[in-house]
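Topology and contacts: notes
Single-letter residue listing:
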Amino acid sequence: MTTETPTPALSTTKLTVGSNKPVGPRTRVAVGVINLVTAVLGIMFLVPLLWVVFAAFNSQAGLKLEWPGSNFSLDNFRAILTPETTYRPMWNGLVLCVGSTVIAIAVATLAAYPLSRFNTRYKRPFLLTILFSTGLPITAIMVPVYGLFVQLNLIDTISGTVAFMATTALPMSIFLMKNFMDGVPLTLEEAAWTDGANSMQTLRHIVLPLMWPGMSVVTIFTFIGMWGNFFIPFILLLSPDRLPASVSIFTFFGQYGSVQWGQLAAYSILYTLPVVILYVLLSRRLGGAFNFGGALKG
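Residues numbered from 1 in each chain as written. Predicted model: local features only at pLDDT ≥ 70, side-chain atom pairs only at ≥ 80, totals over all residues. Heavy atoms only, no water.

1. Quick word on the overall build of the protein chain
When you go through the protein chain residue by residue, the secondary structure sums to twelve helices and zero strands. Across the 298 residues of the protein chain, 34% fall into the buried class. For the protein chain, restricting intrachain contacts to residue pairs at least 6 apart in sequence, the fraction spanning at least 24 positions comes to 72%. Summed over its atoms, the accessible surface of the protein chain is roughly 19200 Å², and 67% of this surface lies on carbon and sulfur atoms. (Helix = DSSP H or I, 4+ residues; strand = E, 2+ residues; numbered from the N terminus. Buried < 20%, exposed > 50% of the residue type's maximum accessible area, 1.4 Å probe, protein only. Contact = heavy atoms within 4.5 Å. Areas by Shrake-Rupley, 256 points an atom, 1.4 Å probe, with all protein chains shown as cover.)

2. Considerations on helix α9 (residues 212-227)
If you check α9, its first and last C-alpha atoms are 22 Å apart, about what 16 residues at 1.5 Å a residue would give, namely 22 Å. Within α9, burial applies to Pro-213, Gly-214, Met-215, Ser-216, Val-218, Thr-219, Ile-220, Thr-222, Phe-223, Met-226 and Trp-227. (Expected span 1.5 Å × (residues − 1).)

3. What about the layout of surface pockets?
In this structure, the largest pocket occupies an estimated 550 Å³ of space. When residues of the lining of the largest pocket are traced back to their parent elements, those giving at least two are α4 (123-134), α6 (158-181) and α9. The element best represented in the lining of the largest pocket is α6, accounting for ten residues. In the lining of the largest pocket, the residues fall into 16 nonpolar, nine polar and no charged. (1 Å grid on protein atoms, 1.4 Å probe; cavity = no way out; pocket = protein on both sides within 12 Å on 5 of 7 lines; lining within 4 Å. Points joined across faces, edges and corners; volume = space filled by probe spheres on them. Nonpolar A, V, L, I, M, F, W, Y, C, P; charged D, E, K, R; others polar.)

4. What about the packing of aromatic side chains?
Tallied over the entire structure, the rule returns ten aromatic pairs. Here the aromatic rings of Phe-149 and Phe-164 are separated by 6.0 Å at their centres, their planes lie at 80°, and the arrangement is edge-to-face. Within this pair, whereas Phe-149 is found in helix α5 (residues 142-151), its partner Phe-164 is found in helix α6, the two being separated by 15 residues in sequence. Grouping residues by exposure puts Phe-149 and Phe-164 together as buried. Between the aromatic rings of Phe-230 and Phe-234, the centroid separation amounts to 5.0 Å while the plane-to-plane angle is 20°, which identifies the pairing as stacked. A relative accessible area of 44% means that Phe-234 is categorised as partly exposed. The structure contains a cluster of three or more aromatic residues connected by ring pairs, namely Phe-57, Phe-72 and Phe-77. (Phe/Tyr/Trp six-rings, centres within 6.5 Å; stacked < 30°, edge-to-face > 60°.)

5. Describing empty space enclosed by the protein
Evaluated as defined, the whole model comprises two cavities of 30 Å³ or more. Every residue lining the largest cavity is listed: Gly-93, Leu-96, Cys-97, Met-165, Met-226, Trp-227, Asn-229, Pro-233, Pro-244, Ala-245 and Ser-246. Taken together, the elements giving at least two residues each to the lining of the largest cavity come down to α3 (83-117), α9 and α11 (245-248). Here the element with the most residues in the lining of the largest cavity is α3; it accounts for three residues. Residue composition of the lining of the largest cavity, grouped by class: eight nonpolar, three polar and no charged. As a volume, the second largest cavity reaches approximately 40 Å³. Looking at the second largest cavity, the residues that line it are Trp-51, Phe-54, Ala-55, Asn-58, Ala-61, Gly-62, Lys-64 and Glu-66. Grouping the constituent residues of the lining of the second largest cavity by class yields four nonpolar, two polar and two charged.

6. Some details on the nonpolar core
In this structure, Phe-164, Ile-174 and Leu-236 are the most contacted members of the largest nonpolar core, which totals 46 residues. The element contributing the most residues to this core is helix α12 (residues 261-286), with eight residues. Not counting residues within four places of it along the chain, the set of residues in contact with Ile-174 comprises Ala-108, Ala-111, Ala-112, Leu-115 and Ile-130. The next biggest cluster of nonpolar side chains, apart from the first, holds twelve residues, and it includes Met-177, Val-184, Leu-203 and Leu-208. (Core = buried A, V, L, I, M, F, W, Y, C linked by side-chain atoms within 4.5 Å.)

7. Examining the side chain of Lys-178
Inspection of the secondary structure puts Lys-178 in helix α6. Those residues within four positions of Lys-178 in sequence are excluded, and the remaining contacts are Ala-112, Leu-115, Ser-116, Lys-123 and Leu-127.

8. A look at unusual backbone geometry
A negative phi holds for most residues other than glycine; trans holds for most peptide bonds. One non-glycine residue with positive phi stands out, namely Asn-153, at about 60°. Note that Asn-153 resides in the loop between α5 and α6. Taking relative accessible area as the criterion, Asn-153 reaches 65% and is therefore assigned exposed. For Asp-156, which is not a glycine, the phi torsion comes out positive at approximately 65°. Looking at the element boundaries, Asp-156 is found in the loop between α5 and α6. For Asp-156, a relative accessible area of 14% puts it in the buried group.

These figures capture arrangement, not role.
Structure below.
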């Protein structure tokens, strides 16, 4: 009596092709087109930056992109490094932007915490209001704001301008802060509540230390938005000695279309330094990640 060995069933598992799969001509063409488009876009962004750098050191700078060569000079920087042109506007801009950013971040943190941790009947309408506020153009509200500032005697005051600039940054700051705060596990706060901590203590000692990367992102975005804001200080500040750098940059545009291109380029380089310095200082925070795996153990 013979026993037949059962034949194993054929496997229906699909074979996966490794990375050694030959690339077809269509794929190579698609990759080439993507690389070409990316290179063109990169050059389009690079050319204006090169013009700013070259024109800043060119005593005969114009709209044409050219190497300074024999016209290389620091005269453009010497001409703008004066209290009226650079020092005072830069200081005014720092006071306005730093003050507005600090207020916006503090208020946004306190507003985002209950939106992230508690469920109320007003949560969804409030979030929708914030989203609507982010798309509201600032020019649509400046006329009533100007009338309100006149009645409150806040026109041409640094404090009033700082408060209003912080208010305009709150919708986006709250929205971003709430999303970052959602990434912090609630389990950590519940453990602190068990030990007797209240909500403000858990926010200060647990939530904020864990979401420093997110707060750094919100801080940079808020400061950049304030630093480049022209319309608000232009309307609310009247005295020339209180105008920030974002407004005083128009002093390089003369009458009849004449522009001092070299000095404008040099001023633009100095104007970008605060943002670059802020990014460098917070770059370590941006490199961090929300790693809570070890915190949830035990």
